[in-house]
Amino acid sequence: MSSDTAPSWQADIDRLSEQLSEAISGADDLEALRAVELAALGRKGSLTALMKRIGTLDKDERKAFGSASGGLRGRVTKSLNERRETIRRQGVLAELSDSSFDETVPGRSSELGHVHPLNRVQMEAEDVFVSMGFEVLDYPEVESEFNNFEALNIPSWHPARDMQDTFWLESGQLLRTHTSAGQVRAMHALKAPFRAIFPGKVYRYEATDASHEHTFHQLEGLMIDRHVSVGHLLDSMRTLLSAILRREVTVRLRPGYFPFVEPGFELDISCQVCEGTGCSVCKQSGWVELLPCGLVHPNVLRAGGLDPEHWQGWAFGLGLSRLVMMRYGIDDIRLLLGGDARFVEGFHPGT
Amino acid sequence: MYVSWNWIGEFVDTTGIDPVEFADRFTLAVAEIEGVSHYGQGLDQVLVAQVTEVTAHPNADKLRLAHCDLGDTTVTVVCGAPDLRVGMVVPFVPPNVTLPSGITVRDGQVRGVDSPGMLASEADLGLSDDHDGLMDLAELKCAPGQAMIQYIALQDVLYEIDNKSITHRPDLWGQLGMAREVAALLRRPLLVPSTEVVWGSKAGPKVTLDDHASCRRYLSAELDHVSIAPSPLSIRMRLRSLGVRPINNVVDATNWVMLETGNPLHAFDAAQIDDDHIVIRRAEPTETMVTLDGEHRSLTNQDCVIASAQEPIALAGIMGGQNSEIRAETTRVLLESASFDGANIRKTASRLGVRTESSARFEKHLDPNTAAFAAHRFVRVLHELCPEMVVVSELVDCGPHVSAPPTPRVVETSRSYLRSRLGLSAAQLSDAWMDETLSSLEFEVTALDTERLAVTVPSFRAGRDVSIQEDLVEELGRIFGYDHIPSQAPMISAHPAALPAGKMQERRARAALALGEGLTEVVLYSFESDATRQRLGLSELDAADQQRPRLTLRNYLSSDMRHMRRCLSNNLLESLEYNLAQGTRAAEGHKGMQIGLFEIGRVFRPIHADQPLQADPGIPAVLTSDSERQTYLNGLSPALLSGVEQAERKAIALPSQPRHLALAIGHRLGGGQKGWVQPLAEVTRSLYGQAVGAIERLLRQMCLPEATFKKLDSTDKRLETSLELNAAWLHSARHAGIWIADRLVGVITMIHPDVRNSLDIPAEAVLAELDLEVLLEIPPVAERGQAPAKFPPSSFDLTLPCTSSVRTREVLDGLTLRLSEVNSDIEVQTQWVRDFFDSSDQYGRAMTLRMTCRRLDGSLSDNDILSVRSAAIDHLDACEGVRPNWGDEIRAMS
């Protein structure tokens, strides 16, 4: 090879180089660029074909051809890569400056269902009690007269024993009128000392209206220990109710008569609406009656197989239905068990 | 009931106490005050007027003009009262005064005549509901023009007590009992009114007390020379203020003493009772009487009556009889002061639907000693209202309480016990304070030593009120003030607590169905209505199937609630029907065209008579005989107690009440579509598949093994299960039992077309019910940590045309088994992907299966996949129902 005359293939290389660099810079997207790449470097590509010509050349020309064609291949590959990066970059910039994106497009309709508010509140309460070491128990709704009344020191002459308050079954058993029916069950089932709650459905033979239902839900709490005082009850109720009502509550006790506790109390909590200053909700008293409670009557302990000389306790009965109504501002108790899905779907989905 | 602050003030010095402020303390210590009202308030400006002349109103027939003397001046006002007459002394309300009743008297014209003020009735002044005529002030002998309240104590503060809060305190049903509490709270003495009476020498009425069970004490006396007249205005107004209508001096005296002591009294017109002979007995079964309210009462032998020798003259403790009523001409009166049994009074009163001030009190089980006190008080009160009255007879006093007076109850306790139960120290609750408090409540305290006390309970608290030392804890606590007891954190054992398995299971189910499947939870009633059963076509089945016993209520509010539900599905279906209807009518399609509901709750079934009773440790023990039980509960003697504790116990066999879960999914019809719709295969399959998927995911959430679904056959229907296997809604062709291993855990079914028709569920719907108790018995699948497979899997699909008789489960199981035999090094999972329906094809159906292969020891080769594929094709080709030679086509295609 001499340096004064260009070899015959040089023009081909130059031409191809020119063609390819034009094609590369002319490719607007990755797909087009890929086509250019295949057309050049593919099995039947133009550059591939050119490079195959090395076999037809003289030995002394081969080196120069190899260097020139290899150089071209290097340049083509490089500019392909550069072009590819440029196109990608353009794409990124375009995506990042996209003004067509509608961030206000509504979410796809969810298929979340709804848990009944009674169960939601009950589960929440259960969690609060579990966190404080209470067992959670579940007891039958059809009960014996013994568990529902006698064991609870409710004697045969007590008005609650009348037909008018209780649903009686033909079999002589009854539908429990309160979750307190579980008290002696718990005493027999658990080893003292213990603390437990038992929520569930209860029944009263009572005509229904906006504030009365023949079927409603309660949550019974029972703590048995060696020494249980009114002071303990006050502290326990304040702590537990603050957790359940999700606010700091003040509690006060008033005398209340329930045969299965002695002393027995009506427990009032500070009015949530006026915070104790008096409003129409609390009838200007600053207090709202929440639940009955008291120290477990020794006769109930005996019926539960516990010796009142050695064991004492407190108990309370929280109206779950009432709690749900208070929390969600429901003014008609019949909505709870009415079976209308639209009512349940008015609450947040989930648990 | 009402408490009158004026009346309380007669029994205890209330000087310096603001009754409104004190009401709070009273509520915290004694009984709930529902309201404090100011009786007679705003009457300061009401004047006394004397009517001097009455003239006609020129423009109105029913109105007249009253010319009144007001002392210094005169006034003429328009008056509509029919009883207006010259000489009357009446209240005059000047213009612009607002009365407690809310009326503001105008200074204007009435029908064209000036009327600067008005003459008032008791109702106008808010003193009673008596609108009948003007309030007559004549007896006050007051000068016209003076303020009315100078002459009569009309102003009072009334506490309205929540009766429920004193049901256990018979002593609080009278003002005196309330005053005792006030005295104890104020630490001031109680001034008990005098009972001094000189009884006559004549033999008293002849009292024959036959019904000892209903009447524990009966006192009677004969009073003569009575002249019936109205009571003085002050007495009448006091009665009115406490809600009692004044009648005449004798009746008013009985009511006065009832309000004061809490013990109801009755007065008979002696002239109507032969020989003054009074019999207390049970009514004859066919006997009737007319009570004071004019009602004819049919009596039973459960009712206690007061009778003459011939007939009942009073319904004991509830209401007098018309035949012995005090009349205007009555001169001789027989007093009744008695103590009737509370339970008996309550039964009769509630059976007859008549509740009176008297029955309300007797129901509380009054202290017989109060009856004697009340008898004496009556004579003293009547003397004031009717000074010419003479007590002619001795006091007759008889009954079991008199012949065998109960010994006073003594409760033993200790000072330290009383303190510790309240959570108070000796410094906070001193010995002296304790003794003083108990004494002021009329308990007698005897110190046995420095610690032990013997406390004698006053008879008016001994009935069913105070019997154990815990009751004394309450007495001290409430007077001390519960709001002064420091709250004290209990020392409690630290131990782990967790939700029980059943609760966890319910939560998982709830999460799976509500959050996972988008279903809505309902909580329904546990009762099942006959109407529902009828609509569900269950009534006929009930009649045919004696194996379907239900729990039946003895008393029910309506026939809708006569039976307890045996399954959740019946009520859930009705709820689905209701909600579908709401959706279509209100067009609230917020969940598309579907309504999906679920419920978790108990179902109820009686235990068969021949089923062996099982002692359930959670079910309490019961003592065998009633007397043992009673002794045990009364806890009277520790010696007896230990004997009783050893007594044989037996478990009460409660009906089985397992927790179930049911779900129902139905479709709303689109606009315009109405009535019954022929099910479409796609809808059926998609609803069914949706429900099956929901149940599969539910079981997975509960960590349970995979369930299989297959139709129930006649042997299954004889299984012991709490599920309804013979229900009307069960679709004979489109249902499945849900099985885990060999346990039937649930049932799923498309709704039977007849039930859809009768329930007005127009389109197809699916229903499933599972027994949660059975699911709880199935051990959960063990979890194990496993390293991910090293070698990648490869999968291929096969679509095989088949007849509708093919059961996917069988195909899959057979294929899995076959492929596991082909090459033990290759693990193959078979999966159903989808079904196609093509009615043009003679087979009508095709299903796509996916086989995912994985080599345990290395990467899969093409040959591995080919060998699995060809084994699968060979196997499926030979399956019944798959199109013959289908495999050749598949092979040719690849």
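### Some points on the overall build of chain B
- Along the backbone of chain B there are 25 helices and 39 strands.
- Based on the C-alpha atoms only, the size of chain B along its principal axes is roughly 125 × 85 × 60 Å.
- Per-residue burial for chain B yields a buried fraction of 53% across its 894 residues.
- Of the charged side chains in chain B, 86 are positive and 121 negative; the average position of the first set lies 6 Å away from that of the second.

### Quick word on the interface of chain B and chain A
- In this complex, chain B contributes 95 residues to the contact, which on the side of chain A involves 98 residues.
- Buried surface at the junction of chain B and chain A, both sides included, amounts to about 8400 Å², of which 55% is carbon and sulfur.
- Linking chain B with chain A are 6 salt bridges, by the criterion used here.
- For Asp138(A), the salt bridge is made with Arg602(B), and the minimal N-O distance between the two is 3.2 Å.
- One can count 37 residue pairs in polar contact (both at pLDDT 80 or more) joining chain B with chain A.
- Per element, the largest residue contribution to the side of chain B that touches chain A is 6 residues, and it comes from helix H14 (residues 501-516) of chain B.

### Re the nonpolar core
- Core analysis: the biggest nonpolar cluster contains 159 residues, and Leu241(A), Leu267(A), Phe316(A), Phe26(B), Leu125(B), Tyr159(B) and Ile161(B) have the highest contact counts within it.
- In terms of residues, this core owes the most to one element, helix H8 (residues 368-385) of chain B, which gives 10 residues.
- Aside from chain neighbours lying at most four places away, what touches Phe26(B) is Ala31(B), Ile33(B), Tyr159(B), Ile161(B), Met178(B) and Val182(B).
- Listed in part, the 36 residues of the second largest apolar core include Met123(A), Leu698(B), Leu699(B) and Ile740(B).

### Re the side chain of Thr330(B)
All names here are of chain B.
- When you line up the elements, threonine 330 lands in the loop between strand S19 (319-320) and strand S20 (333-340).
- For threonine 330, the side chain forms a polar contact with the side chain of aspartate 269, separated by 3.2 Å.
- Those residues in contact with threonine 330, other than ones at most four positions away along the chain, are Val226, Ile228, Asp269 and Glu325.

### Notes on helix H13 (residues 469-480) of chain B
Residues and elements named next belong to chain B.
- When the terminal C-alpha atoms of H13 are compared, their 16 Å separation across 12 residues agrees well with the 16 Å that a helix rising 1.5 Å per residue should span.
- Within H13, 11 of the 12 residues are buried, which leaves it mostly tucked inside the rest of the structure.
- Within H13, the full set of buried residues consists of Glu470, Asp471, Leu472, Val473, Glu474, Glu475, Leu476, Gly477, Arg478, Ile479 and Phe480.
- At the exit of H13 stands glycine 481, carrying a positive phi of roughly 105°.

### Things to note about the pairing of strand S8 (residues 287-296) of chain A
Residue and element names in this part refer to chain A.
- Burial runs high along S8: 7 of the 10 residues are buried.
- In the sheet, strand S7 (residues 261-270) pairs with S8 via 8 bridges, with the strands oriented antiparallel. Paired with glutamate 266 across the bridge in S8 is proline 292.
- Two elements, S8 and strand S9 (residues 312-319), share 3 bridges in a ladder whose sense is antiparallel. Counted as the bridge partner of glycine 294 is alanine 315 from S9.

### Side note on helix H2 (residues 30-41) of chain A
Residues and elements named next belong to chain A.
- For H2, with 12 residues, the first-to-last C-alpha span of 16 Å sits near the 16 Å given by 1.5 Å per residue.
- When we look at burial in H2, the residues that qualify are Leu33, Val36, Glu37 and Ala40. What you see down the axis of H2 is that its buried residues fit within an arc of 100°, all on one side.
- Residues of H2 that are buried in the fold lie against helix H1 (8-26), helix H3 (46-52) and helix H4 (59-96).

### Observations regarding the environment of Val105(B)
- You can see Val105(B) is positioned in the loop between strand S6 (89-93) and strand S7 (107-110).
- In the structure, Val105(B) is positioned 12 residues away from Val93(B) in sequence and 7.1 Å away in space, judged by C-alpha atoms.

### Describing the packing of helix H10 (residues 415-422) of chain B against helix H11 (residues 431-440) of chain B
Residue and element names in this part refer to chain B.
- Two elements in contact, H10 and H11, have axes separated by 11 Å at closest approach and are oriented at 90°. Taken as axis vectors, H10 and H11 run roughly perpendicular relative to one another. Along the contact surface, H10 presents Arg415, Leu418 and Arg419, while H11 presents Asp431, Met434 and Asp435.
- Looking at the contact of H10 with H11 residue by residue, the classes come out as 2 nonpolar, no polar and 4 charged.

### As for the packing of aromatic side chains
- Applying the stated criterion to the full structure yields 20 aromatic pairs over all chains.
- Centroid distance Phe134(A) to Trp314(A): 6.2 Å. Interplanar angle 35°. Geometry classified as tilted. Residue Phe134(A) is located in the loop between helix H5 (117-131) and strand S1 (135-136), and its partner Trp314(A) is located in strand S9; the two are separated by 180 residues in the primary sequence.
- Measuring from centroid to centroid gives 5.3 Å for Phe167(A) and Phe527(B), while their planes differ by 55°, and the two rings are tilted. Of this pair, Phe167(A) sits in the loop between helix H6 (145-148) and strand S3 (174-175) while Phe527(B) sits in strand S27 (residues 527-528), on two different chains. Each member of the pair, Phe167(A) as well as Phe527(B), is classed as buried.
- Members of the aromatic cluster, each reached through a chain of ring pairs, are Phe129(A), Phe134(A), Trp314(A) and Phe316(A).

### Examining the pattern of salt bridges
- By the definition in use, this model includes 73 salt bridges over all chains.
- As a salt-bridge pair, Asp235(A) and Arg238(A) come within 3.1 Å of each other at their nearest N and O atoms. Note that Asp235(A) and Arg238(A) are positioned in helix H8 (residues 230-245) at a spacing of 3 residues, about one turn of the helix.
- Accessibility expressed as a relative area gives 30% for Arg238(A), which makes it partly exposed.
- Among the ionic pairs, Arg850(B) bridges to Asp797(B), the shortest N-O distance being 2.7 Å. With Arg850(B) in strand S39 (residues 845-855) and Asp797(B) in strand S37 (residues 794-802), the pair connects residues that are 53 residues apart, well separated along the chain.
- What makes Arg850(B) partly exposed here is its relative accessible area of 30%.
- Asp797(B) sits in the partly exposed class, given a relative accessible area of 34%.
- One continuous salt-bridge network, built from bridges that share partners, spans Arg169(B), Asp171(B), Glu181(B), Arg461(B), Asp465(B), Glu475(B) and Arg478(B).

### A closer look at the domain arrangement of chain A
- In terms of domains, chain A is made up of domain 1 (12-95) and domain 2 (117-344).
- Just the C-alpha atoms count here: the centres of domain 1 of chain A and domain 2 of chain A sit 86 Å apart.

### Examining the environment of Ile154(A)
- With respect to the element layout, Ile154(A) can be found in the loop between H6 and S3.
- With 104 residues separating them along the chain, Ile154(A) and Phe258(A) place their C-alpha atoms 8.6 Å apart.

### Structural notes on the sheet that holds strand S6 (residues 251-255) of chain A
Residue and element names in this part refer to chain A.
- Taken together, the 7 strands give an open sheet; going across it, the order is S1-S4-S5-S9-S8-S7-S6, and neighbouring strands pair in mixed fashion. Two strands bound the open sheet, and with one partner strand each, they are S1 and S6.
- In the packing of helix H10 (residues 320-328) onto the sheet, the strands contacted are strand S4 (194-203), strand S5 (215-225), S8 and S9, and the crossing angle to S9 comes to about 50°.

### Some details on the sheet that holds S39(B)
All names here are of chain B.
- Here we have 3 strands laid out as an open sheet, ordered S37-S39-S38, and antiparallel in their pairing. The open sheet has two edge strands with one neighbour each: S37 and strand S38 (826-837). Averaged over all pairs of adjacent strands, the angle between strand axes in this sheet comes to 20°, irrespective of strand direction.
- Looking at chain direction, S37 and S39 are connected through 9 bridges and run antiparallel.

### Some thoughts on the confidence of the model for chain B
All names here are of chain B.
- Taken residue by residue, chain B gives an average pLDDT of 87. The fraction at 70 or more is 90%.
- This stretch, residues 584-591, has a pLDDT under 50; its non-local contacts, to residues over four places away or in other chains, come to 15 contacts.
- When the criterion is pLDDT under 50, residues 609-652 qualifies, and its contacts beyond four places in sequence or with other chains add up to 55 contacts.

Criteria and thresholds
- Residues numbered from 1 in each chain as written.
- Chains lettered and ligands numbered in written order.
- Predicted model: local features only at pLDDT ≥ 70, side-chain atom pairs only at ≥ 80, totals over all residues.
- Heavy atoms only, no water.
- Helix = DSSP H or I, 4+ residues; strand = E, 2+ residues; numbered from the N terminus.
- Buried < 20%, exposed > 50% of the residue type's maximum accessible area, 1.4 Å probe, protein only.
- Lys, Arg positive; Asp, Glu negative; His and termini not counted.
- Charge placed at Lys NZ, Arg CZ, Asp CG, Glu CD.
- Contact = heavy atoms within 4.5 Å.
- Buried area = accessible area lost by both parts, 1.4 Å probe.
- Salt bridge = Lys/Arg side-chain N within 4 Å of Asp/Glu carboxyl O.
- Polar contact = N/O pair within 3.5 Å; in protein donor to acceptor, adjacent residues only side chain to side chain.
- Core = buried A, V, L, I, M, F, W, Y, C linked by side-chain atoms within 4.5 Å.
- Expected span 1.5 Å × (residues − 1).
- Pairing = 2+ DSSP bridges.
- Arc of directions from axis to C-beta.
- Axes fitted to C-alpha atoms, helices over the stretch in contact; angles between N-to-C directions.
- Parallel < 35°, antiparallel > 145°, perpendicular 65-115°, else oblique.
- Nonpolar A, V, L, I, M, F, W, Y, C, P; charged D, E, K, R; others polar.
- Phe/Tyr/Trp six-rings, centres within 6.5 Å; stacked < 30°, edge-to-face > 60°.
- Domains from an automatic or database assignment.
- pLDDT = per-residue confidence, 0-100.

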